[in-house]
Every structure is written in structure tokens, then in C-alpha cells.
Amino acid sequence: MSAKESIHGSWSSGWAFMLAATGSAVGLGNIWKFPYITGQNGGAAFVMVYLLCVLLIGIPVMIAEITLGRRGRQSPMNTMYTLAIESGHSPLWKYLGFMGVFAGFIILSYYSVIAGWAVYYMILSSMSEFTGITAAGANAKFGNFTQDPVYLLFFHTIFMLMTMYVVSLGVRSGLEKATKFMMPALFVILLILDGYAMNTNSFDKGVGFLFQPDFSKLTWSVVLTAMGHAFFTLSLGMGAIMVYGSYMPKRASIAKASFVIAIADVLVALLAGIAIFPVVFANGLEPSSGPGLLFITLPLAFGHMPWGALFGTLFFILVTFAAWTSSISLLEPAVTWLVENHRFKRIKATFVAGLIIWVLGIFTVFSFNKWAFKFTLIGKTYENGFFNIFDILTANIMLPLGGMLIAIFAGWYMSQQASRDELEVKEWMYMTWRFLVRYISPFAILIVFLNVIGVIKL
Ligand code: PFF
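Scope of this entry: the structure provided in the associated data block. It should be emphasised that the depicted structure is a prediction, and the values quoted were computed from it without experimental measurement.

## Here we look at the overall build of the chain
Right, on to step 1. The number of helices and strands found in the chain is 18 helices and two strands.
Right, on to step 2. Taking 458 residues into account, the globule formula puts the C-alpha radius of gyration at 23 Å, and the chain, at 21 Å, falls close to it.
Right, on to step 3. For the C-alpha atoms alone, the extent of the chain along its principal axes is close to 65 × 50 × 40 Å.
Right, on to step 4. Counting the 458 residues in the chain, one finds 62% classified as buried.
Right, on to step 5. The long-range share in the chain, meaning contacts at least 24 apart out of those at least 6 apart in sequence, stands at 81%.
Right, on to step 6. Summed over all atoms, the accessible surface of the chain reaches about 17300 Å², with 69% contributed by carbon and sulfur.
Right, on to step 7. Taking the average place of the 27 positive charges on the side chains of the chain and the average place of its 19 negative ones, the gap between the two points comes to 6 Å.

The structure is reproduced here in C-alpha cells:
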């Protein structure tokens, strides 16, 4: 079975898989979402829980998800179906793949709107619009932009078309080259921004906010958000990494790739946080201000540093690229499924799925203006209506649930021989991974869920 190739093709090497999967993992989740949810959830204690979740749940589930993908070699739905049958279990496991496709649709619908903001900010920066800007000015610029649904819809449309274009060609063409150049460039520009942050008078405060935990700020809902973010940022729990794994050559190491991807992903998030929080405090902004945080703070940095317009433009180009390589992986599971089960041509499958997602995106477009209703859930108030509902439903519920089922399947249902055969690691490593996916990851996720809904009280 594992010698089989996916009908959608394969990566040219293990290295190509690693680049593509890193491209999927590193995206808006790291640069835009991590800082703003860290700000909303009180800082360092949240960051510590997130890091712990990456280590104890994220990496083992990533190894499991890639293993399933490479063994099944099909869309997540058919992979789950085939593997369940192969190991003598219920075909109902295929619905795990289905939930993933659904989660991917919802995530991409709002992801694309936010990526559109980055495209717009790239244009603003290239026109030197941030030069000498004040905190009030940056706030007003962001406010005026997001108040206008027509603008938001326009940039959402552009970004969806970009995503659909690459997916319709087949994810391999171009993706490798784009990521190879983008990732190092992103590191460099984040380091430049960190250098700027170091020269503000609030560097210590910003870094302390990220790394000096005050555990009294932890509630179960904060823990759930941190855990959900570990899944979101590593692209886990919905089949994106599974489908990329299905194109992975047999000889490449799954465990090694998973560690490299997770480390790169965490580094980008931390570098972004270090760039943003000192600027937040130096300008008297609110760390908990929400989804606009990146778009309000970084213009202040670019507006006051030498070569700011150039660096700003480059930065937003790179954010757009990072979002692009992630959005492609959000669309891919649905497209592979339509091609396999409904005999669609790739281009038609992409068009149909893309159109549905584009329409769903309209809910997010209006979440920042006409339909910006507030709601309260488990003690927290959310301001941006459907956008927050979509985000909570996917990142905090569907992805951890998907991840839990993936861990359970890999740990309890797949034969030891099959997972050993795919992983080919030293015995102690295999046993550690197996222990984590059998016992630790699923139970940790379950305990967090049960505490949040109040069934148990720890
Ligand atoms: N990991 C991406 C990010 O951090 O921006 C978002 C994402 C991509 C989530 C693919 C889920 C996914 F399946």
C-alpha cells in the first residue's frame, strides 16, 4: 500500500514536502493571529500553554497525520476510508475527512478576507502612506478601511483568485520555489522589525508580556484558545497536512520533517510577537485590541524607521505569500476529494469549492462593519460577529476534535506494523510517539473540552 503513489502526483523529494508543509504551517496564524490572541488572553501564561500544546499534542498529531496521509495516498476522506477498512474497522472514519473539508472551507473563508488586508497594506506601504504616522492615525486608517465592505470584498476576491489559481494548477508547481525564497526572507524582515522593537523604550515590557507568565490569568477558556491555536498554526486536524503527506515520497523521514516544521513555525510566531508588543506598549496601544493589532502597530514601526516604506512593502508582500502558501493547503483536501469521488477535473473542482468559500467569506467581510455584532461565550465577549463564530468553531472546536480523532486512529486503530513501517525511527522514539498519541494527546484535548463546558472542574 505504501509504495503506491497519489493520483495527484508527488513531491519531488522529502525536502520539497518539508517546504510545502512549512509553507502551510507558517501563515497569518503566526504573524497576525498569534500576537492578537496572545494580547487578548493575557500574554505569557497563554504563550506557555501554547508552547506546551505544540510539544505534547501538536508534534505527535502532526506525525500521526502525515503517517496516515502517506499510507493512504488519497484525499483525507478516502485515506481514512481505506485505512479503516485495511485495519478492519468501520468505514465511518471517512467522516473525519469530511469534517476536515468543512473546517477548511470555513477557515479559508475568513482567512482570505484577512489576507486581503495584507494585500491592501502592501499597497499603502508602497505609497509611503505610513511615513511619520501616529498611533491615532494608524488606528483611523485601519478603522476606515475595515468599515468599508466594498474594499474588503475586493481584496478578498483578489486573494481567493490567487489561491484558486495555484490550486487549479496542482499544488506542486511553483510552491516549492515560492517557499524556498519566502521563508528566509520572512525571517530576515522579522529580525529587522525585532531590531526596531529593541530600540523602542518598551522592549523589556513587550518581551516580558510574552515570556513572564502570570498563571493567575489562566482560565480553561484561555487554555482552549491556546490549544486550538497550536492546531491552527501547525495546520493540523483538518487534513491539510494529511493531503500533503499523501504526496510525500516513501524514503523521507516523517518525524524529522515534523520537528523542523514545528520549530520554524514557533520561531516565526515568537519573532512576530517580539516585533509587535514593544511597539504596542511604546505607543500606548492596547495589547487586547483584537484582529487589527498587527495592522495598527507595524505601520507605526515602518513609519518611523529608515527605509520604512520599502521594508513595509516587503513585509506585507511576504505576509501575503505566507498566507497564500497556507490558503492553498486549506483548499486542497476538498479539491482532491472532488477529483477522486466526483470525477471533476481539477480546474472545475477548484472553481466550485472556491466559489462556495468566496460566498462564505462575505459573512466575514460584514463582520467588521454592518454586522459587527457582539456576543459573549463562556465569560468572554467577542466583537466581530460571524468572523469570531467561524474562528471559534474551527480553531477551538473542529481542529482539536479532528486532531483527537487522528491521534486515536493512529494510536489505537492503525496496526503497529503499519505505523512502524511508515515512521522507521529508533525504538524509543517510536514508543514515545505511540504513548503520546494513545494516551496523552487525546486525553489532554478531552480534559480541556470537558473543563470548558463545565462537565468537570479541575
Ligand atoms: N497554519 C496556517 C497559519 O498558521 O496561518 C493556517 C492553516 C492552514 C490552518 C491550513 C489550518 C490548515 F489546515
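## Describing the environment of Val352
Right, on to step 1. Mapped onto the elements of the fold, Val352 is located in helix 15 (residues 346-367).
Right, on to step 2. For the pair Val352 and Val335, spaced 17 residues apart in sequence, the C-alpha separation works out to 8.9 Å.

## Some points on the nonpolar core
Right, on to step 1. Judged by nonpolar contacts, the single largest core of 164 residues is most densely connected at Trp117, Phe295 and Phe315.
Right, on to step 2. Residues within four places of Phe315 in sequence aside, it is in contact with Ile31, Ile189, Leu190, Leu193, Leu294, Leu298 and Phe302.

## As for helix 13 (residues 293-304)
Right, on to step 1. Over its 12 residues, helix 13 extends 17 Å from the first C-alpha to the last, a length consistent with the 16 Å expected when each residue adds 1.5 Å.
Right, on to step 2. With respect to burial, helix 13 is a largely interior element, 11 of its 12 residues being buried.
Right, on to step 3. Among all positions of helix 13, only Leu293, Leu294, Phe295, Ile296, Thr297, Leu298, Pro299, Leu300, Ala301, Phe302 and Gly303 are buried.
Right, on to step 4. Buried residues in helix 13 make contact with helix 2 (28-40), helix 5 (94-126), helix 6 (135-147), helix 8 (175-198), helix 12 (254-282) and helix 14 (308-342).

## A few points about empty space enclosed by the protein
Right, on to step 1. Tallied over the full model, the rule gives two cavities of 30 Å³ or more.
Right, on to step 2. Considered as a void within the structure, the largest cavity measures approximately 140 Å³ in volume.
Right, on to step 3. Where the lining of the largest cavity is concerned, the elements lending two or more residues are helix 1 (14-25), helix 2, helix 5 and helix 14.
Right, on to step 4. Considered as a void within the structure, the second largest cavity measures approximately 40 Å³ in volume.
Right, on to step 5. Residue lining of the second largest cavity: Pro76, Met80, Leu96, Gly97, Gly100, Gly237, Met238, Gly239, Met242 and Ile406, and that is the complete set.
Right, on to step 6. Every element with two or more residues in the lining of the second largest cavity is listed here: helix 4 (76-86) and helix 5.
Right, on to step 7. A per-element tally of the lining of the second largest cavity places helix 5 first, with three residues.

## Let's talk about the packing of helix 16 (residues 385-413) against helix 18 (residues 427-452)
Right, on to step 1. Two elements in contact, helix 16 and helix 18, have axes whose closest approach is 9 Å; the angle formed by their N-to-C orientations is 150 degrees. On the basis of the axis angle, helix 16 is roughly antiparallel to helix 18. In the crossing of helix 16 with helix 18, the sense of the turn from one axis to the other is left-handed. Where helix 16 abuts helix 18, its residues Asn396, Ile397, Pro400, Leu401, Gly403, Met404, Ala407, Ile408, Ala410, Gly411 and Trp412 lie against Trp433, Arg434, Val437, Arg438, Tyr439, Ser441, Pro442, Ile445, Leu446 and Phe449.

## A short note on a nonpolar patch on the surface
Right, on to step 1. Together, Trp412, Tyr413, Phe435, Tyr439, Phe443, Leu446, Ile447, Ile453, Val455, Ile456 and Leu458 give the surface a local cluster of nonpolar side chains, amounting to about 1100 Å² of exposed area.
Right, on to step 2. Secondary structure elements with two or more residues in the nonpolar patch: helix 16 and helix 18.
Right, on to step 3. Take the nonpolar patch: its biggest share by element is five residues, from helix 18.
Right, on to step 4. Structurally, the position occupied by Ile456 is in the segment after helix 18.

## A word on the side chain of Asn30
Right, on to step 1. Of note, Asn30 is situated in helix 2.
Right, on to step 2. Judged by relative accessible area, which is 0%, Asn30 ranks as buried.
Right, on to step 3. Looking at Asn30, its side chain comes within polar contact range of the side chain of Thr233, at 3.4 Å.

Conventions we followed
Residues numbered from 1 in each chain as written. Predicted model: local features only at pLDDT ≥ 70, side-chain atom pairs only at ≥ 80, totals over all residues. Heavy atoms only, no water. Helix = DSSP H or I, 4+ residues; strand = E, 2+ residues; numbered from the N terminus. Rg over C-alpha atoms; globule rule 2.2 N^0.38 Å. Buried < 20%, exposed > 50% of the residue type's maximum accessible area, 1.4 Å probe, protein only. Contact = heavy atoms within 4.5 Å. Areas by Shrake-Rupley, 256 points an atom, 1.4 Å probe, with all protein chains shown as cover. Lys, Arg positive; Asp, Glu negative; His and termini not counted. Charge placed at Lys NZ, Arg CZ, Asp CG, Glu CD. Core = buried A, V, L, I, M, F, W, Y, C linked by side-chain atoms within 4.5 Å. Expected span 1.5 Å × (residues − 1). 1 Å grid on protein atoms, 1.4 Å probe; cavity = no way out; pocket = protein on both sides within 12 Å on 5 of 7 lines; lining within 4 Å. Points joined across faces, edges and corners; volume = space filled by probe spheres on them. Axes fitted to C-alpha atoms, helices over the stretch in contact; angles between N-to-C directions. Parallel < 35°, antiparallel > 145°, perpendicular 65-115°, else oblique. Left-handed = near helix turned anticlockwise from the far one by under 90°. Patch = residues over 30% accessible without salt bridge, like charges linked within 9 Å, V, L, I, M, F, W, Y side chains within 5 Å. Salt bridge = Lys/Arg side-chain N within 4 Å of Asp/Glu carboxyl O. Polar contact = N/O pair within 3.5 Å; in protein donor to acceptor, adjacent residues only side chain to side chain.

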